[in-house]
Amino acid sequence: MSERIGPGGTVGILGAGQLGRMLAIAAARMGLKARLYAPEADPPAADVAPVIRGDWDDADALRRFAASVDVVTLEFENVPVAAVETLAPLVSVRPGARALAVAQDRLDEKQFLNAAGVGTAGFAPVDDADSLRAALAALGLPAILKTRRMGYDGKGQARIDRPDQAEAALAAMDGQPAILEAVALFAREISVVAARGADGGFAAYDPAENIHRGGILRRSAAPAAIDAETAARAQGIARAILDALDYVGVMGVELFHMPDGRLLANEIAPRVHNTGHWTIEACAVDQFAQHVRAVCLWPLGDPARHADAVMENLIGDEALGWARIAAEPGAALHLYGKAEARPGRKMGHVTRLSPLGKG
Ligand code: ATP
Ligand code: MG
């Protein structure tokens, strides 16, 4: 089960959103085939590769999928761990169930990070009004209450700036287990997108600086406005996390850079990451190709950046401006093939390059 998968082989991908679509395109460039598995009808990846439609708990469909691919990876961190456990005896799954399980539960994730020697904002579990009261007393305000599981793009989060907002925040969790986090008063948000091979090899892209609005990533710029020591420290944190998980593939590590210089981990994403999309234009081997290389046991590519880059997400209606962006010299436009531009939905992105060091 640990043979290199060469040209002509098939990469199985769990999930078929825009990340699966871009992974499938990268696999095709490498002479590999991609085949995806997802419950939705007509997902974004269906335009570029076959998508097997099946529910996450359909063990028969998962077994058929395993039999039709040479390795399985994922583009979506909320794939139920049980689905991966169904697949794992039949086909190599990279990254494996452990990384997925850790990333799916914000409490387990923060405890794992601290145990790996990586600092985080203060946190405490919250299951009811009593534990929320205790957590608020321990952490102070402002704080953010988040569901432990299934959050993305800032969903399932409620900020508490004043004591009288606590009750509504708890009600917003809808009875689900939650975690209270102290708000980190960061100088900036950065992320490291990094790859680890099955042989323990490691390759990190330069840290990107990220701007979120309303919990959704708006913009990532590489390089981040940090010194070389901080950038190396951020990449070292990513390496410690990937090593601790014996991880294979690309991961996104989100960090808060504090005014006193500390780097606190926010969360990890066991997959290619929105803050690494700039690598498509600014690196010889982008994060999607790098992930396919890692899970197929190819040599990792050089993560060096040959330009400065700014990536902007096109969210909801912003994608209606595609023709204007397409007419802009040097703008690299990516659209994900989503029919409906619902508010807050990531429809595409645009990357603009500038010469190294002049961004
Ligand atoms: P995404 O899918 O975009 O990664 P998510 O739903 O998993 O989002 P988080 O990454 O936890 O959520 O939070 C989204 C954003 O909200 C963060 O990037 C950051 O800007 C802000 N945020 C979350 N938690 C904190 C915190 N403890 N302190 C300060 N800001 C925070
Ligand atoms: Mg996040």
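Refer to the structure above for everything that follows.
What you see is a predicted model; the values in this text were computed from it and never measured. (Residues numbered from 1 in each chain as written. Chains lettered and ligands numbered in written order. Predicted model: local features only at pLDDT ≥ 70, side-chain atom pairs only at ≥ 80, totals over all residues. Heavy atoms only, no water.)

Novice: Sorry if this is basic, but what is going on with the layout of surface pockets here?
Specialist: Using a probe with the size of a water molecule, rolled over the atoms, empty space left in the structure can be pinpointed. Put simply, the second largest pocket is a space of about 190 Å³. Lining the second largest pocket, in full, are Arg21, Met22, Ile25, Ala26, Arg29, Ile280, Asp286, Phe288, Ala289, His334, Leu335 and Tyr336. Here the lining of the second largest pocket takes five residues from helix 1 (residues 18–29), the largest share from any one element. When its residues are assigned to classes, the lining of the second largest pocket shows eight nonpolar, one polar and three charged. Looking at which domains feed residues into the lining of the second largest pocket, each of domain 1 (10–93) and domain 3 (188–354) supplies at least three. (1 Å grid on protein atoms, 1.4 Å probe; cavity = no way out; pocket = protein on both sides within 12 Å on 5 of 7 lines; lining within 4 Å. Points joined across faces, edges and corners; volume = space filled by probe spheres on them. Helix = DSSP H or I, 4+ residues; strand = E, 2+ residues; numbered from the N terminus. Nonpolar A, V, L, I, M, F, W, Y, C, P; charged D, E, K, R; others polar. Domains from an automatic or database assignment.)

Novice: Got a minute to help me understand the pairing of strand 17 (residues 346–354) in this structure?
Specialist: Strand residues, when the strand is regular, have side chains that alternate between the two faces of the sheet. Relative to strand 17, strand 15 (residues 308–315) is paired through eight bridges, and the arrangement is antiparallel. The partner of Glu312 across the bridge, within strand 17, is Val350. The sheet contact formed by strand 16 (residues 331–335) and strand 17 spans five bridges and is antiparallel. In the sheet register, His334 faces strand 17, and the bridge partner there is His349. (Pairing = 2+ DSSP bridges.)

Novice: Teacher, can you tell me more about the side chain of Arg271 here?
Specialist: Within the fold, Arg271 resides in the loop between strand 14 (263–269) and helix 9 (279–282). Setting aside residues up to four positions removed in sequence, Arg271 forms contacts with Leu19, Leu74, Glu75, Phe76, Glu77, Tyr247, Val250, Met251 and Gly252. (Contact = heavy atoms within 4.5 Å.)

Novice: Quick question: what am I supposed to make of the sheet that holds strand 6 (residues 143–147) here?
Specialist: The pairing of strands in a sheet happens through backbone hydrogen bonds and is either parallel or antiparallel. One open sheet holds the four strands; their spatial order is 5-8-6-7, and the pairing between them is antiparallel. Of all strands in the sheet, those bounded by a partner on one side alone are strand 5 (123–126) and strand 7 (157–160). Looking at each pair of strands side by side, their axes are set apart by 25° on average, direction ignored. Inspection of the sheet shows strand 6 paired to strand 7 by four bridges, in the antiparallel sense. Counterpart to Leu145 in the pairing with strand 7 is Ala158. Sheet strands touched by helix 6 (residues 129–139): strand 5, strand 6, strand 7 and strand 8 (178–182). Its angle to strand 5, the strand with the most contacts, is close to 170°. (Axes fitted to C-alpha atoms, helices over the stretch in contact; angles between N-to-C directions.)

Novice: Looking at this structure, I do not really get the sheet that holds strand 1 (residues 10–14). What am I missing?
Specialist: Spatially, four strands are ordered 3-2-1-4 in an open sheet, and the strand pairing comes out parallel. The open sheet has two free edges, formed respectively by strand 3 (51–53) and strand 4 (71–74), since each of these has just one partner strand. The average angle at which neighbouring strand axes cross in this sheet is 25°, direction not considered. Strand direction decides the pairing type here: strand 1 and strand 2 (residues 33–38), joined by five bridges, are parallel. Across the sheet, residue Leu14 finds its bridge partner in strand 2, namely Tyr37.

Novice: Is there a simple way to explain the state of the cysteines in this structure?
Specialist: Each disulfide is one covalent bond, formed between the sulfur atoms of two cysteines. Evaluated as defined, the whole model comprises zero disulfides. Here Cys283 is not disulfide-linked; the sulfur of Cys296 is the nearest cysteine sulfur, at 20 Å. In this structure Cys283 comes out as buried when scored by relative accessible area, which is 5%. (Disulfide = S-S within 2.5 Å. Buried < 20%, exposed > 50% of the residue type's maximum accessible area, 1.4 Å probe, protein only.)

Novice: Looking at this structure, I do not really get the coordination of the magnesium ion (ligand 2). What am I missing?
Specialist: Ideal values differ by geometry: the angle at a metal is 109.5 degrees with four tetrahedral donors, but 90 or 180 degrees with six octahedral donors. With distances of 2.0 to 2.2 Å, the protein atoms coordinating the magnesium ion (ligand 2) are Glu254 (OE) and Glu267 (OE). One end of the pair, Glu254, is in strand 13 (residues 249–257); the other, Glu267, is in strand 14, and 13 residues separate them in sequence. With a relative accessible area of 13%, Glu254 lands in the buried category. (Donors = N, O, S within 2.8 Å, 3.2 Å for Na, K, Ca; no water.)

Novice: What's the story with the environment of Asp246 in this structure? I'm lost.
Specialist: Tracing the chain through its elements places Asp246 in the loop between helix 8 (228–244) and strand 13. In this structure the C-alpha to C-alpha distance between Asp246 and Ala115, which are 131 residues apart in sequence, comes to 15 Å.

Novice: What should I look at first to understand the pattern of salt bridges in this one?
Specialist: Side chains that differ in sign of charge can pair as their charged atoms come close. Tallied over the full model, the rule gives 22 salt bridges. Notably, a salt bridge pairs Glu318 with Arg218, separated by 2.9 Å at the nearest N-O pair. Pair noted here: Glu318 is in the loop between strand 15 and helix 11 (322–326) and Arg218 is in strand 12 (residues 216–222), with a separation of 100 residues, a long-range link. Note on Glu318: relative accessible area 32%, which makes it partly exposed. Counted as one network, the salt bridges with shared partners bring together Arg196, Arg239, Asp243 and Asp246. (Salt bridge = Lys/Arg side-chain N within 4 Å of Asp/Glu carboxyl O.)

Novice: Looking at this model, I keep getting lost on the site of ligand 1. Mind explaining?
Specialist: The full set close to ligand 1 counts 21 residues, and Lys146, Gly154, Ala184, Glu189 and Glu267 are the nearest of them. With respect to ligand 1, the side chain of Lys146 contributes an N or O atom lying 2.6 Å from an oxygen atom. For ligand 1, an oxygen atom lies 3.1 Å from a polar atom in the side chain of Glu254. Breaking the shell around ligand 1 down by element, the ones donating at least two residues are strand 6, strand 8, strand 13 and strand 14. Within the shell around ligand 1, the residues separate by chemical class into seven nonpolar, six polar and eight charged. If you count residues domain by domain, the shell around ligand 1 takes at least three from each of domain 2 (122–182) and domain 3 (188–354). (Near = heavy atom within 4 Å. Polar contact = N/O pair within 3.5 Å; in protein donor to acceptor, adjacent residues only side chain to side chain.)

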